[in-house]
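# A structural walkthrough
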Amino acid sequence: MTEQNGDSATADPTASDVEIVKSSNSDQPPAEEEEVAAQPALNGMVIRPPSQKKGTETDSCGFVLPLPPIRPEEPVQSIRLALAEVVGLAHFTNYRIEVETSNEEEPDTSGETVLPLISPFTGPNAVVSIPSALKSLDEAPTVEASNGEKAKESNVVLDEFGDLQSTAGIQDGSSLRLVLERYDAASVKEHILRLRHIFDGNAPAVTSLLDDTAVPPPEEEGDDTKNGKEKHLPDLPDLPSPRVNGQNLADFFFLSSGENPADFDQPNVASINKSTTNGKSSSKKKKTKATNGKKGVGSDGESPGETGAIAADVVRDNIFRLNQLEGAVHMPCSIQYSGFHPPPSGRRLMGDIAYLEVTIAGEEDGSDIIVSITACNNGFYVNRSTRVGGKRRFDPSPAPKPYFSHTLLDCVLQASPALAGMWSAVLEAAKERSEILAKINKGAFATLFRLAIRGSVGGFADPAIAMKSSVALDATLNAPSWLVSVPAAKDKEGGVWNRNACHGYHTGRAEDDLSQTFGVDVRSGALRDWNEELQLAREMPISTLYERLDRARVIHKTMTEFGEASLVGVKAICDGHIAPMNPNEGTRTQVYLHNNIFVSRALDVGPETFRLVKGDRAAKKSASREIQCIKTFHRMENSGFHTLATVLVDYLGSRFICQSILPGILQGEKSHTILLGSVDVEIPMKCDPEFQDLLKEKIAEPLNLLSRPVYASPLTEERREECKKLKKASLLVADVEPNGDAEIDKEETMETCSPLETKGIQGSDQRKYLLDFGRMTPRDANWVPQKQGGTGKWEGLTKSKTSGIPNDLEDEEWTMNVLRPELVNQWIRSLVSKYIEQKRKEHAEASAKKRSEKGDSEGNGDADKKESETSAEGSHQPEAKEEEEKFKVTEEEQRAVTDNLKLNVNVFLPDVRVVEPEQMKLDEEKAREAASFLWDEVLPRVTRAIRERGLSQVPIDGKTLTELLHRNGVNCRYLGRLASLAHEEEEKDSKIEDDLKNGRLAVFSRRTMPLSWLELLECEMVARAAKHVLDSYFFARGGAAAAQPAQLVASFLSALISEREETAAQTENRVSKRDDSTPDEEDFLGLSAYDVGGGGDALPLPTRSRTEIWQDIELEIARRFRYSLKLFNKGNKSGRAIHVPLLRRVCQRTGIRLAAKNYDIGAACYTDGNTSGARLTASYPISPIDIVDIVPLMKHSAAYYEGFSPCSLSPTLVTPPLQISLYDAKMALERAHLQMTGRGLSRALELTQEAATLYQRVTENGAHPGVVECIELMANIFLEANDPALATANGAKALGLAVQSGGFDGPNVFQAHVMMFQMLFSAREFDQCVKHLRAAMYILEISGGPRHAEHYDALHKLGAVYSHDEYKGKYSADAVSIFRELEGLNPNDRLLEGFTLRALAKNLALNGEYRDAVDVEKKANKALSRFIAKDHAAMKESDSDLKTYTELAVKQGNRSVVKKTKKEQEELAEAMAADLMAAEEKQQQIEEEAKKKKLNKKKKGKK
């Protein structure tokens, strides 16, 4: 059972979700799984109300609440969650559930199922019991009678922390009685919080838990395809343009869902014309089969047949009414503790627990009604305390009419008729809202879409209520979106440009903030020992599947909660709530202990600890490398070592390291033992032989690490002296006496296979912990200066003097540049393959030589020599094949080769003495070989794969780009080198195109380098460099900018997405055109106090200009990637600077959240550089009010994905998804993929369902990436099985979960939309598949830019839909526009270009444009002829079509000539007729004039 409210998207796939397809019985599951599946559901159970005093009216009330069938393994808490949604029971909090054993008869379910407005079961006659656990205080342990008579005297209490099957006596038809319990201070607080939650727009709307009126499935006869009829083709949506506007961020949630925003502008007025007066609906609600206010327990709300399609008209016509109801379901009432709270000791002894004030919004006069309440052990009553004017009178005794009730709601409803009327209206509105939600929530994706757009479509009267609709989306998504929907609502005084009206008044929120414990559970009585919990979980047995499942669940729960606690703790530290353990030291070296989590900053703290790295940048990278190693050890089950739970949190420029506490580390040196390494540079390293042997066996062997002798005091004398000077300079670091007066043997050596900084510690729990293991591979020799043994690859490249690239590699940060394990594995596999190939070649040569010698010895004279050679050659062929089959490299030989390829992780280390210089040179040579392999083979291979489309898909954004590089063993620091290779390839393509135009080239390659590859590489480099630059701005002047970062971030982003700075005249012209809703400079100045601080250093540094910001970014790119930008910050002369993907990627990497609105991107900006850092200005195109939030980023040691992920603290805690420690789930999923590849679809389905169930049971989260992958695989299996209906249903489920997991524009969401297109296309639902394809195109546009290689494929698919043969040319005009758009794109495949031109020619012909069709077909024929022979079928079809188009064009031309001639003749005849008429008219005029003259003469003559 799951709790569902108005604004929650229930996307968790339960067991019913993964059982969409019936599995075959070919392979039986394990017996233990069969036992679980065989347990039947419990039927016919009912909930009975609280008992009443015997003899009262309510004692005989027949109210019962039937329960739906419930699985026995369902937790008891699920019943409580379901009751929290029922009208009349939702406000109950302090009760227990008992199984009635005294009534042997069947429960009567014919009673009332709807409670009145004020519950009749919570009044003075309600039986209140003490908590069942307290009964043991006055009952000594006794041995019960064997006949069990004592057990029959009392009911069985359901265990709140167990499941139903663990409860004795529960069975079909059991009656569950609600038993009210006595309050204490904690339960009163819990009760108040629950009522606040209900009043805050979460009123219950469910009157029954049975789902007996669900809509029946459609009849099969309604499916035309099953009746042999042709399925009706749907009308395709209109295309305003073939492309999607990727710069439209205001409609982000519409376009990323494939919807047209114009479809949601104007609702159907008739459908929402339900006026509300005083919160009451004027129309009577009608119960329908689809929406009757009932809710099923254990249902996920999505049937297998649903496709997740969004009905725009249904959503549009209902969402306006839904927004109106959103204000109606909020109670104008606040509950807070009175100023008289807590009770004085005397009153506390009388039973008073708390004093409350319930404030009810007044009527027209504006006065509020305040009801004073006393909370006692048995409930709540109205007391005599009053407030007259400014005077208050305290009297907590019951009022003349106390209206006592066990629940606070029933008490105040009796005390205030006005509040009762409001509550009745709220319940009516909640019921109507529930009916509307049931109508428009068709699956998880549709629900998430509805949540995302609610604030954009209007209908809200209160901006604060509108903002809550946007917050509801954040509460549902598992990753905060970088764009935040801005509510379309205005306050009564005008616009809401500053959004102050969006923040409502809430006294409860203020109380919660004051009572914040920052993640510490004060009720548990003790802090959680995270380390003990984790280690005990790892040591749980794993002999059976159940044991492995329980172990994985506990580990996942512990690690998830540790990440959440770390996030809350870091935020509290940044806000100054947590005091450091060493407050007398500087902030740089301060450490914190909060909630049993040790927190420190990833900075260079000097000589305090034994570390080889120097500098803050190196310290940051060292922390990141260390957590990667911990992640590897976490996945290595039973490695023999223990690691601490570790999390990195980046927030406002600072990186925090959060670790669980090593047992005994804080109790002094005697409580723990150092087995390996040293904690101070003055103390020699230790090496316990047993620990070292375990390290070699469990770590060195799997990771191919070499063990080499090192000095126990490895630092050089110069470095030791430097550390001593630093210690003397620092008054905070005390000198360490290593062994008293004993002299240190500087020549003492030890053997180790781990990094020198590694520490092995045996804690007070006797477990062996591995710490500071920061390298599993050696340093990257390409980033080591050549004079220090590096490869010299970077130094050998020519550099421009103006590029800003350093001349050398002398940088402290590069000491932490190590090779990736994937690269080392590739390098080893490559050398082993070469070795095997060489051995095979030698074996073949030896066998051939042996056969040749044998043939020569068997020759019989010169006459028969030739004949014998011929016969011998024929007879030796099977022999040679047999010899080849006999060839085999033994495991010992392979192991010898791999042992020879093991690497030393302690090479190229600065300030370190070497024991064996010659051996070190050999180890360094192997490290150089691996680095050269990366430079010479891997990087060109990746470039070739992108060019030749050897990869399945070009990465669509920075995240997928990073994953691609890491899979191939490439670090992101090689982005610059890859960009240089891409630029070289583009220049080659440009030269080829020039030669083709001039006829100088006859042979050329089919593929070209995608332009998007270089754009994506530069975008990622700029984003990464921008993060480091912005962090340095935050860090400046003691982090002053981090305290008020809105202006800094707005100016920084404005500079980033622009190409130039506005001139003063341009700024003045732009400001003069602004409308009244846009704030000006004075408005921004009035937002905060800026002319304060007395000019001290507490104010941030002045804001930078665009030139300064880009100069810092380009210098960082030159230093970090050794590359000079060619696309960005060049005035966009090439038009290839992808600003929207850059803005998106920077926001993702820094945690910035922007308002979803349109920005003037790629034009001029205004940053107001060199002004006071505390002064807010109208920066353009992004202003300070557009910065909604900056969230922390986390890198978890057990994370599912690599790298930092944005997190959220409000409204819910959101941390990255974690890996699960269950090998069975991973293996089942891998085997399912293999079965699908081998076309074993039935078995693949079974394995996928098994994997999905295991993932779900471990994570208890349907949106976990593992679950999403399983459901996507099921959808593909159904598609392969030619069942598009089930494929679409599973695809829609996967899409909704992907959106919930990663937001609306994640890479997984893009893939899900493409998958939905394929499935809907197969199901002939062309209108819906177009929507999903348009959504994918928009996501691709904002992620990878308008020239991404996948755009060509997407437009080609879109053209295929609009030119589908079954439409018979109905949409040929749209198809022509699509293929015209394709004609202007670079397909990166010259052959594909020819086929695209053929499709365009076909649609032009269908459109009657034969002459254009001929021209396009000629181009297509020419393009195809370059790669296809004349006798190829495609060429023959092209020639035939060209001939046909030509004939049709000639006929069309002849007809047009005839029409033209006829038209000319008609025009000539009309002209001649017109001339004749004109001549006649002229002649008439002449005659009339002559007559007039004669008349005039006659008149004159008479005179």
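Thresholds applied
Residues numbered from 1 in each chain as written. Predicted model: local features only at pLDDT ≥ 70, side-chain atom pairs only at ≥ 80, totals over all residues. Heavy atoms only, no water. Helix = DSSP H or I, 4+ residues; strand = E, 2+ residues; numbered from the N terminus. Buried < 20%, exposed > 50% of the residue type's maximum accessible area, 1.4 Å probe, protein only. Pairing = 2+ DSSP bridges. Axes fitted to C-alpha atoms, helices over the stretch in contact; angles between N-to-C directions. Contact = heavy atoms within 4.5 Å. Patch = residues over 30% accessible without salt bridge, like charges linked within 9 Å, V, L, I, M, F, W, Y side chains within 5 Å. Areas by Shrake-Rupley, 256 points an atom, 1.4 Å probe, with all protein chains shown as cover. Salt bridge = Lys/Arg side-chain N within 4 Å of Asp/Glu carboxyl O. Core = buried A, V, L, I, M, F, W, Y, C linked by side-chain atoms within 4.5 Å. Phe/Tyr/Trp six-rings, centres within 6.5 Å; stacked < 30°, edge-to-face > 60°.

## Brief notes about the environment of proline 487
- As for its placement among the helices and strands, proline 487 is situated in the loop between strand S15 (483-484) and helix H14 (507-514).
- Among the residues examined, proline 487 registers a relative accessible area of 8% and is labelled buried.
- In this structure, the C-alpha to C-alpha distance between proline 487 and cysteine 502, residues 15 residues apart in sequence, is 8.3 Å.

## Topic: the sheet that holds strand S11 (residues 369-376)
- Overall, antiparallel pairing links the four strands, which are arranged S9-S10-S11-S12 in an open sheet. The open sheet is flanked by strand S9 (333-337) and strand S12 (379-382), the only strands paired with a single partner. Between one strand axis and the next, the sheet turns by 30° as a mean value, whatever way the strands run.
- Its contacts with the sheet place helix H10 (residues 408-415) against S9, strand S10 (352-360), S11 and S12, and it is angled at close to 20° to S12.

## Focus: a nonpolar patch on the surface
- On the surface, Met581, Leu593, Ile665 and Leu666 cluster together to form a nonpolar patch covering roughly 310 Å² of accessible area.
- Using a relative accessible area of 40% as the deciding quantity, one classes leucine 666 as partly exposed.

## Some points on the nonpolar core
- Among the nonpolar cores identified, the biggest contains 239 residues, and Leu1053 and Ile1113 are the most heavily contacted of them.
- Looking at which element gives the most residues to this core, the answer is helix H26 (residues 1011-1043), with 16 residues.
- Each residue touching leucine 1053, except ones within four places of it in the same chain, is listed here: Leu1143, Val1146, Ile1152, Leu1154, Ile1182 and Ile1187.
- Core analysis: the second largest hydrophobic core is formed by 28 residues, Phe63, Ala82, Val99 and Leu209 among them.

## Some thoughts on the pattern of salt bridges
- Counted by the stated rule, this structure contains 90 salt bridges.
- With its nearest N and O atoms 3.2 Å apart, the salt bridge here joins aspartate 780 to arginine 973. With aspartate 780 in the loop between strand S25 (768-771) and helix H20 (821-857) and arginine 973 in the loop between helix H24 (958-967) and helix H25 (975-997), this residue pair connects regions lying 193 residues apart in the sequence. Residues aspartate 780 and arginine 973 agree in their burial class; the two are buried.
- Note that arginine 947 is salt-bridged to glutamate 985, the shortest N-O span being 2.9 Å. With a gap of 38 residues between them, arginine 947 in helix H23 (residues 917-947) and glutamate 985 in helix H25 connect regions that are remote in the sequence.

## A few points about the packing of aromatic side chains
- A complete count under the given rule lists 29 aromatic pairs for this structure.
- Each ring, one from phenylalanine 641 and one from phenylalanine 691, has its centre 5.0 Å from the other, and the planes form 70°; the classification is edge-to-face. One end of the pair, phenylalanine 641, is in the loop between helix H17 (616-635) and strand S18 (646-651); the other, phenylalanine 691, is in helix H18 (residues 689-703), and 50 residues separate them in sequence. Like phenylalanine 641, the residue phenylalanine 691 is buried in the burial classification.
- Between phenylalanine 1317 and phenylalanine 1321, the aromatic rings sit 5.8 Å apart at their centres with planes inclined by 35°, giving tilted as the arrangement. A residue pair is termed a helical-turn pair when its members lie 3 or 4 positions apart in one helix, as phenylalanine 1317 and phenylalanine 1321 do in helix H36 (residues 1307-1322) at four residues.
- Note on phenylalanine 1321: relative accessible area 28%, which makes it partly exposed.
- Among the aromatic residues, ring-to-ring pairing joins Phe1317, Phe1321, Phe1326, Tyr1362, Tyr1367 and Tyr1371 into one connected group.

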